[in-house]
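# Coordinate analysis (summary)
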Amino acid sequence: MQKKASVTSTGLSAEDSQLFRQSITGARPIAQDKIPPVAAPRKKKRRTDVLSSPTDETLFWFSDQFEGYIAQGETLSWLQPGDDPNLPGRLRRGEFQPQVLLDLHGMTALQAKTELASLLAYCQQKQFNCACVVHGKGLGILAKKVPNWLIQHPNVRCFHTAPKSWGKHGALLMLLKIDEPRYDSGR
């Protein structure tokens with residue numbers, strides 16, 4: 001008959017425990033070599049010459065509950081009723097060059113809505129008739145909301161998915177109404 005090995009409280013036999021102690025003889029703790037994580041530099045807030053704090057009036061046009069635009073495929077296109085039906089095609093072909101670009105990447109829906117309202121006010125102030133809004137693809141949240149916001153604003157004449165050079169399916173080119181210059185007769 002074989003002799004039964006005694007088992008320690010760790011569940012190892014005395015022989016296994018002795019073998020382990022021999023194998024780690026001369027071992028010493030490893031010095032800490034980990035580098036603590038460094039906080040990533042915060043992105044600077046996008047700065048534009050747009051209104052720094054939009055008024056309630058500029059946000060008035062945008063309702064989050066309104067869903068008047070339903071995308072059909074990847075190409076987005078909309079024309080204000082009664083406007084020139086050739087405008088979306090001209091935008092698609094790149095016949096209009098945007099005078100200003102708004103990049104909404106990394107923004108929440110509320111931030112994007114605020115920036116879009118500011119962009120439209122800025123375009124009106126500067127008399128810009130073409131703008132590019134880069135909403136990105138991502139989860140598609142802004143890609144769905146931006147067209148619905150744009151069709152609510154009375155100054156937006158039309159929009160179309162941007163040509164490849166301006167962001168293709170992650171961006172929209174839009175044409176805006178601008179006020180006719182007023183000439184004062186000096187009276």
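Not measured: the values here are computed from a predicted model.

## Some remarks on the sheet that holds strand 2 (residues 100-103)
- Pairing in this open sheet of five strands is mixed, and the strands run 1-4-5-3-2 from one edge to the other. On the outer flanks of this sheet lie strand 1 (77-79) and strand 2, each paired with one strand and no other. Within the sheet, the average angular offset between the axes of one strand and its neighbour, ignoring direction, is 20 degrees.
- Direction of pairing for strand 2 relative to strand 3 (residues 130-134): parallel, over a ladder of four bridges. Along strand 3, the bridge assignment pairs Leu102 with Val133.
- Docked against the sheet, helix 4 (residues 109-126) engages strand 2, strand 3, strand 4 (156-161) and strand 5 (171-176), running at close to 175 degrees with respect to strand 2.
- Taken strand by strand, helix 5 (residues 141-150) contacts strand 3, strand 4 and strand 5, and its axis lies near 5 degrees from that of strand 5.

## What to know about the nonpolar core
- Counting residues in each nonpolar core, the largest one holds 25 residues, and the members touching the most others are Leu116, Leu119, Val146, Leu150, Phe159 and Met174.
- When contributions to this core are tallied by element, the ones reaching two or more residues are strand 2, helix 4, strand 3, helix 5, strand 4 and strand 5.
- Of the residues forming this core, the biggest block, six residues, is contributed by helix 4.
- In this structure, Cys132, Cys158, Ala171 and Leu173 belong to the second largest nonpolar core, which totals 11 residues.

## With respect to the confidence of the model for the protein
- Per-residue pLDDT for the protein has a mean of 78; in total, 68% of the residues score no lower than 70.
- Contacts of residues 46-54 to residues separated by more than four positions or lying in other chains number 13 contacts, the stretch itself having pLDDT below 50.

Here is what the cut-offs are and how they apply
- Residues numbered from 1 in each chain as written.
- Predicted model: local features only at pLDDT ≥ 70, side-chain atom pairs only at ≥ 80, totals over all residues.
- Heavy atoms only, no water.
- Pairing = 2+ DSSP bridges.
- Helix = DSSP H or I, 4+ residues; strand = E, 2+ residues; numbered from the N terminus.
- Axes fitted to C-alpha atoms, helices over the stretch in contact; angles between N-to-C directions.
- Contact = heavy atoms within 4.5 Å.
- Core = buried A, V, L, I, M, F, W, Y, C linked by side-chain atoms within 4.5 Å.
- Buried < 20%, exposed > 50% of the residue type's maximum accessible area, 1.4 Å probe, protein only.
- pLDDT = per-residue confidence, 0-100.

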